[in-house]
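The primary structure of each chain is shown beneath.
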Amino acid sequence: MARSRGKQQARRGDGGGRGAREPVVADVDGGLAELTPDRDRPAGWTLYLDGAPQSHVDLDDPAHLAFEYQRRIGHVLDLAADPGRPVQAVHLGGGAFTLARYVAATRPRSTQQVVERDGPLVQLVRTALPLDPGARIRVRTGDAREALAKLPDAWADVLVADVFAGARTPAHLTSTEFLTEVRRVLRPAGTYVANLADGPPLAHLRGQIATAATVFPELALIADPTVLRGKRFGNAVLAASARPLPVAELTRRAAGDPHPGRVEHGRGLLDLTGGALPVTDASAKASPAPPPSVFRP
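## Details of the pairing of strand E6 (residues 111–116)
Thinking step 1. Here E6 lies mainly inside the structure; five of its six residues are buried.
Thinking step 2. Sheet analysis places strand E5 (residues 88–92) next to E6, joined by five bridges and oriented parallel. Counterpart to valine 90 in the pairing with E6 is glutamine 113.
Thinking step 3. A crossover connection joins E5 to the parallel E6 through helix H3 (residues 98–106); in handedness this β-α-β unit is right-handed.
Thinking step 4. As judged from the six bridges shared by E6 and strand E7 (residues 136–141), these two strands associate in the parallel manner. In the strand pairing of E7, glutamate 116 is matched with threonine 141.
Thinking step 5. Once the chain exits E6 it traverses helix H4 (residues 119–128) before rejoining the sheet at E7, and the crossover so formed is right-handed.

## Here's the deal with the pattern of salt bridges
Thinking step 1. As enumerated under the stated definition, the model contains 15 salt bridges in all.
Thinking step 2. Between aspartate 257 and arginine 71 there is a salt bridge, with its nearest N and O atoms 2.9 Å apart. Of this pair, aspartate 257 sits in the loop between helix H9 (247–255) and strand E12 (262–265) while arginine 71 sits in helix H2 (residues 68–79), and the two are 186 residues apart along the sequence.
Thinking step 3. Between arginine 232 and aspartate 224 there is a salt bridge, with the nearest N and O atoms lying 3.3 Å from each other.
Thinking step 4. Judged by its relative accessible area of 35%, arginine 232 falls in the partly exposed class.
Thinking step 5. Overlapping salt bridges bring together Asp78, Glu249, Arg252 and Arg253 as one network.

## Overview of the packing of aromatic side chains
Thinking step 1. Evaluation of the coordinates by the stated rule reveals two aromatic pairs.
Thinking step 2. Consider the rings of phenylalanine 67 and tyrosine 69, whose centres lie 6.5 Å apart with planes at 55°: the pair is tilted. Of the two residues, phenylalanine 67 and tyrosine 69, neither departs from the other in class, the shared state being buried.
Thinking step 3. An angle of 5° between the planes, with centres 6.0 Å apart, marks the rings of tyrosine 192 and phenylalanine 216 as stacked. Of the two residues, tyrosine 192 is situated in strand E9 (residues 186–198) and phenylalanine 216 in the loop between helix H7 (203–213) and strand E10 (218–223); the sequence distance between them amounts to 24 residues. The pair formed by tyrosine 192 and phenylalanine 216 is uniform in burial state, with each residue classed as buried.
Thinking step 4. The side chain of arginine 21 reaches across the aromatic face of tryptophan 45, ending 4.9 Å from its centre.

## Quick look at H7
Thinking step 1. Burial within H7 is extensive, with eight of its 11 residues counted as buried.
Thinking step 2. Listing the buried residues of H7 in full gives His204, Leu205, Gly207, Gln208, Ile209, Ala210, Thr211 and Ala212.
Thinking step 3. Where H7 is buried, its residues touch helix H6 (176–185), E9, E10, helix H8 (225–228), strand E11 (234–241) and helix H10 (266–272).

## What to know about H2
Thinking step 1. Relative to the 16 Å expected for 12 residues at 1.5 Å per residue, H2 spans 17 Å between its end C-alpha atoms, a close match to the ideal helical length.
Thinking step 2. Within the span of H2, buried status applies to Tyr69, Gln70, Arg72, Ile73, Gly74, His75, Val76 and Leu77.

## Describing the sheet that holds E5
Thinking step 1. The strand order across the open sheet formed by eight strands is E7-E6-E5-E8-E9-E11-E10-E12, and the pairing between neighbours is mixed. Because the sheet does not close on itself, it has two edges, and the strands there are E7 and E12. Neighbour to neighbour, the strand axes of the sheet diverge by 15° on average, direction disregarded.
Thinking step 2. As paired strands, E10 and E12 are joined by four bridges and run antiparallel to one another. Residue isoleucine 222 lies in a different strand from E12, and its bridge partner there is valine 263.
Thinking step 3. Sheet strands touched by H4: E6 and E7. Its angle to E7, the strand with the most contacts, is close to 150°.
Thinking step 4. Across the sheet, H9 lies against E10 and E12, angled at about 160° from E12, the strand it touches most.

Procedures and definitions
- Residues numbered from 1 in each chain as written.
- Predicted model: local features only at pLDDT ≥ 70, side-chain atom pairs only at ≥ 80, totals over all residues.
- Heavy atoms only, no water.
- Buried < 20%, exposed > 50% of the residue type's maximum accessible area, 1.4 Å probe, protein only.
- Helix = DSSP H or I, 4+ residues; strand = E, 2+ residues; numbered from the N terminus.
- Pairing = 2+ DSSP bridges.
- Right-handed = clockwise from strand over helix to strand, strands pointing away.
- Salt bridge = Lys/Arg side-chain N within 4 Å of Asp/Glu carboxyl O.
- Phe/Tyr/Trp six-rings, centres within 6.5 Å; stacked < 30°, edge-to-face > 60°.
- Lys NZ or Arg CZ within 6 Å of the ring centre and 35° of its normal.
- Contact = heavy atoms within 4.5 Å.
- Expected span 1.5 Å × (residues − 1).
- Axes fitted to C-alpha atoms, helices over the stretch in contact; angles between N-to-C directions.

Rendered as structure tokens:
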């Protein structure tokens with residue numbers, strides 16, 4: 001691993017990802033991180049953790065979202081407030097700061113806080129893929145739930161949860177107690193959006209829908225139809241709010257994606273829980289690990 005760190009140091013002077021187009025590799029708390037240049041986009045980079053694709057960034061076009069689940073989160077963020085209006089946003093889980101960059105590009109003058117537990121990963125991304133110095137993005141290193149507890153009531157317009165440790169969402173970020181803290185931090189008309197990963201028999205996803213329904217009156221879920229049918233492992237994006245969600249527009253946007261998604265809401269979404277019980281701190285478990293086949297070419 002020492003050689004990996006040497007590669008990182010040797011390539012840090014590449015002009016923020018726009019010069020030498022060679023991979024940047026480093027040991028981080030979550031494993032081996034690799035930033036790989038995108039052959040199709042001159043300033044595009046993909047972040048891998050232990051070989052699993054984690055996020056994609058285009059430094060010249062931060063409004064470009066390459067990953068399917070991030071596009072779906074982007075739809076929710078676009079519709080969370082009037083177009084272009086600045087928001088106050090919290091991002092639990094940083095990765096390459098893709099979604100924070102997206103909000104900064106699409107909603108200039110927004111104020112954002114990013115919480116990422118992996119300090120070495122934060123340093124790697126800050127160095128190799130610098131944030132726009134004009135963007136109001138504050139990055140904190142620490143546990144997502146502990147950081148959430150320190151935020152004031154009704155501070156955020158949007159709160160994004162995209163936290164994975166070893167490809168699994170930590171158990172303490174799946175409970176009603178956690179979501180109660182999320183709602184406390186959101187403004188009355190605020191929107192919560194979470195990246196959930198599961199596969200057959202969808203026990204984790206069903207439990208997360210049931211849990212969110214105990215805290216938020218309005219829910220919508222965007223996912224590939226094959227994931228919702230329990231045919232394969234994949235991501236599902238859950239949106240929640242105290243106000244009605246723009247389901248019709250979310251449905252239109254998801255259907256128009258390169259990989260069309262389906263939107264479930266209302267009675268159909270609650271039926272998807274199949275009688276699953278809400279998750280509490282006492283019963284919480286980490287999300288299931290994806291099968292190795294998920295990341296094979």
